[in-house]
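Single-letter residue listing:
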Amino acid sequence: MGRTLAEKVWDDHVVRRAEGEPDLLFIDLHLLHEVTSPQAFDGLRQAGRPVRRLDLTIATEDHNTPTLDIDKPIADPVSRAQLETLRKNCAEFGVRLHSLGDVEQGVVHVVGPQLGLTQPGTTVVCGDSHTSTHGAFGALAFGIGTSQVEHVLATQTLPLARPKTMAITVDGELPEDVTAKDLILAIITKIGTGGGQGYILEYRGSAIEKLSMEARMTICNMSIEAGARAGMIAPDETTFAYIEGRDHAPKGEDWDAAVAYWKTLRSDDDAVFDAEVVIDAASLAPFVTWGTNPGQGAPLSAAVPDPASYEDASERLAAEKALEYMGLTAGQPLRDIRVDTVFVGSCTNGRIEDLRAAASIVEGRKVADGVRMLVVPGSARVGLQAVSEGLDLVFKEAGAEWRHAGCSMCLGMNPDQLAPGERSASTSNRNFEGRQGKGGRTHLVSPQVAAATAVLGHLASPADLSDADVRTPAGVR
Amino acid sequence: MEAFTKHTGRAVPLRRSNVDTDQIIPAHWLKKVTRDGFEDGLFEAWRKDPSFVLNRPERAGATVLVAGPDFGTGSSREHAVWALQNYGFKAVISSRFADIFRGNSLKNGLLTVVLEQGVVDELWELIEKDPQAEVTVDLESREVRAEGITAPFELDENARWRLLNGLDDISITLQNEADISAYEAGRPSYKPRTVQV
Ligand code: SF4
């Protein structure tokens, strides 16, 4: 019987398999950041253990880093202590670290691919649930807990039980203005936030094959929001072209050997998945969330749903609670929802293509009066690239704030937060209560919808903009 | 990890069900960078109430927590286990634990014992009547013993073996060092490296 992509990568990393025990898997790449690593280093220190493979380990600072005045000391003592602890640990154990101010600093899931470290057929782990992002390259990538971080540091392996596999097949053409973000939000709404539990998802089909690498990362990034262990996409020419020439891409003969291997990484025709979901790309539209989990979403053209319309009692209750928290009423058109803040950034949508997409929409237009638009590149390098293309100027001229790289308002561990009751359209991945600041209300959107929303002041897609919006002074709509 | 063979100590009755990890250790404690020092965060909200069972002088120094059903639901934070251990608990008894919490507890050497609610009720009665009553959790014989109570409990062989020998996952994996080295030796040269060593 044939094997799925996930099974092939899994099998290639089994260090030891024994009856009645989980498989011991080798880890090719371990990414670290300041929040989930301190206790792991502490554990190593207490046991007198070194980091087994410094050459497969890399750290960056992202969750706590400020996006303004990065040359000044960090004001919040707790954030400062976490960053200083990471610096101390990396220096003591010899781990490569990209600190705030370094050109390779940024959100850990943007940094790995950008350096060419994330490659097809590798196992990638990080103490962060959105590690699923790296699956876009055909890597088996998942988030781990602090004990597991210590385990990987000490042994470069993890004992794991093999998850089941689910195929999500998306065929057809995505309509104009419908992006990878809309697609993954629609998938999560369809299968639910627990729908992927226990599975590795494999996204496949003609619509997926047509996506750029960055769009594929957006999809895999949010696999975790469907409850999945990981998300994967089979590598192809798009993948190889993205990796080639990057700092850590294989070179010369190694490149040829790598590509030959990578080409074997696809699910066999006779492979059997434990579950399968099929989606017609042409049926999709720009998608936004109205509730407090990523599965509470709807097409932008729809209205806020009526909780009474849910047959399932717990879903009904969840919808009722969500509407109360979000300050919304059933039947209200989603397009009428006004926002205070627009956030473009995060490991979901903080890469250069996302910034280009948002910039192309605000270019020559103005951010609506009373709306604050924050643009935070996913990494320092993405920021530099954007500056070299003049995107920072486009944003600034439109009245948006151009910031330094980091997680920023995705989770508000740094000063970038919503005030209680404030409402955002955000390109990030979680609309949980209080995620972007205590009492803050989050609508998850694509970069295109975020930009159009910033211009009009209410949830909107680029199609809602007219030429009249161009060069309109702020405050006049 | 410290080996767990048998432990005898005084116990605390926690007559509450569905104690979630936010109640065990509130989120703002997660910014700490160590595995210790969480004792003051344990049940922080409830401890503000002087009559809360943990605050009573006769419970000082107790090492066994006897809790209601569905203990440890909620987030996956390991800090919940560390907080219980930092406070001094060696074992927690309940009729049902949340999966992730239970996994985390056994990984860290905190023995979580599942007993039928009827037995938990008996234990509650005993330790409420006599705060000095001692409870023994014996992993070798897989038994909980206290005055007038002898209750067997189950634990899967693999987890039990690891606890009895004080083997954390890392020490177990390192016993397979030869397998890891052999795997490493066979890795292709095109695999990515973060630094040259
Ligand atoms: S950008 Fe958001 S989701 Fe991504 S790693 Fe940072 S906090 Fe997590």
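Residues numbered from 1 in each chain as written. Chains lettered and ligands numbered in written order. Predicted model: local features only at pLDDT ≥ 70, side-chain atom pairs only at ≥ 80, totals over all residues. Heavy atoms only, no water.

The next thing to look at is the sheet that holds strand 4 (residues 57–60) of chain A. Residue and element names in this part refer to chain A. With parallel pairing, five strands are arranged side by side in an open sheet as 5-4-3-6-7. Each of the sheet's edge strands pairs with one partner strand only, and the pair in question is strand 5 (96–98) and strand 7 (140–143). Neighbour-to-neighbour, the strand axes of this sheet turn through a mean angle of 20 degrees, independent of strand direction. Bridging between strand 3 (residues 29–32) and strand 4 involves three bridges; their strand directions are parallel. When the bridges of strand 4 are listed, Leu32 appears paired with Ala59. In the packing of helix 5 (residues 146–155) onto the sheet, the strands contacted are strand 3, strand 4 and strand 6 (123–126), and the crossing angle to strand 3 comes to about 130 degrees. (Pairing = 2+ DSSP bridges. Helix = DSSP H or I, 4+ residues; strand = E, 2+ residues; numbered from the N terminus. Axes fitted to C-alpha atoms, helices over the stretch in contact; angles between N-to-C directions. Contact = heavy atoms within 4.5 Å.)

Once that is clear, we can look at the domain arrangement of chain A. All names here are of chain A. Examined at the domain level, chain A breaks down into domain 1 (5–277) and domain 2 (289–469). Look at where the C-alpha atoms of domain 1 and domain 2 centre, and you get two points 25 Å apart. Listed by partner, the interface residues are 42 residues for domain 1 and 41 residues for domain 2. The junction of domain 1 with domain 2 conceals about 3,200 Å² of combined surface from both sides, 57% of it contributed by carbon and sulfur atoms. Of all residues in domain 1, Thr67, Lys181 and Glu214 bury the most surface against domain 2, accounting for 19% of the area lost on that side. With a closest N to O distance of 2.8 Å, Arg381 and Glu104 form a salt bridge. At the boundary of domain 1 and domain 2, one finds 26 residue pairs in polar contact (both at pLDDT 80 or more). Put simply, the parts of the chain that give the side of domain 1 that touches domain 2 at least two residues each are helix 3 (77–93), helix 4 (108–114), helix 6 (180–191) and helix 8 (213–221). For the side of domain 1 that touches domain 2, the residue count by class is 15 nonpolar, 19 polar and eight charged. (Domains from an automatic or database assignment. Buried area = accessible area lost by both parts, 1.4 Å probe. Salt bridge = Lys/Arg side-chain N within 4 Å of Asp/Glu carboxyl O. Polar contact = N/O pair within 3.5 Å; in protein donor to acceptor, adjacent residues only side chain to side chain. Nonpolar A, V, L, I, M, F, W, Y, C, P; charged D, E, K, R; others polar.)

Residues and elements named next belong to chain A. Under the feature "binding site: [4Fe-4S] cluster" (unreviewed entry), the UniProt entry names Cys347, Cys407 and Cys410. For the annotated residues, spread through 64 residues, the largest C-alpha to C-alpha distance comes to 8.8 Å, consistent with a single compact locus. Following the sequence through the fold, Cys407 ends up in the loop between strand 17 (401–402) and strand 18 (423–426). Position of Cys410 among the secondary structure elements: in the loop between strand 17 and strand 18. On the accessibility criterion, Cys410 (7% relative accessible area) is buried. Filtering out sequence-adjacent residues up to four positions away, Cys410 remains in contact with Phe343, Ser346, Ser428, Asn429, Arg435 and Gln436. (UniProt positions renumbered as here; feature names shortened; annotations may be inferred. Buried < 20%, exposed > 50% of the residue type's maximum accessible area, 1.4 Å probe, protein only.)

Okay, the interface of chain B and chain A next. Tallying the contact residues gives 34 residues for chain B and 45 residues for chain A. Taking both partners together, chain B and chain A bury about 3,500 Å²; carbon and sulfur atoms supply 53% of that area. The interface formed by chain B and chain A includes eight salt bridges. The residue B:Glu177 makes a salt bridge to A:Arg52 at a minimum N-O spacing of 2.9 Å. Run the count over chain B and chain A and you get 23 residue pairs in polar contact (both at pLDDT 80 or more). Among the elements that take part in the side of chain B that touches chain A, helix 8 (residues 177–185) of chain B stands out by supplying six residues, more than any other. By residue class, the composition of the side of chain B that touches chain A is 12 nonpolar, nine polar and 13 charged.

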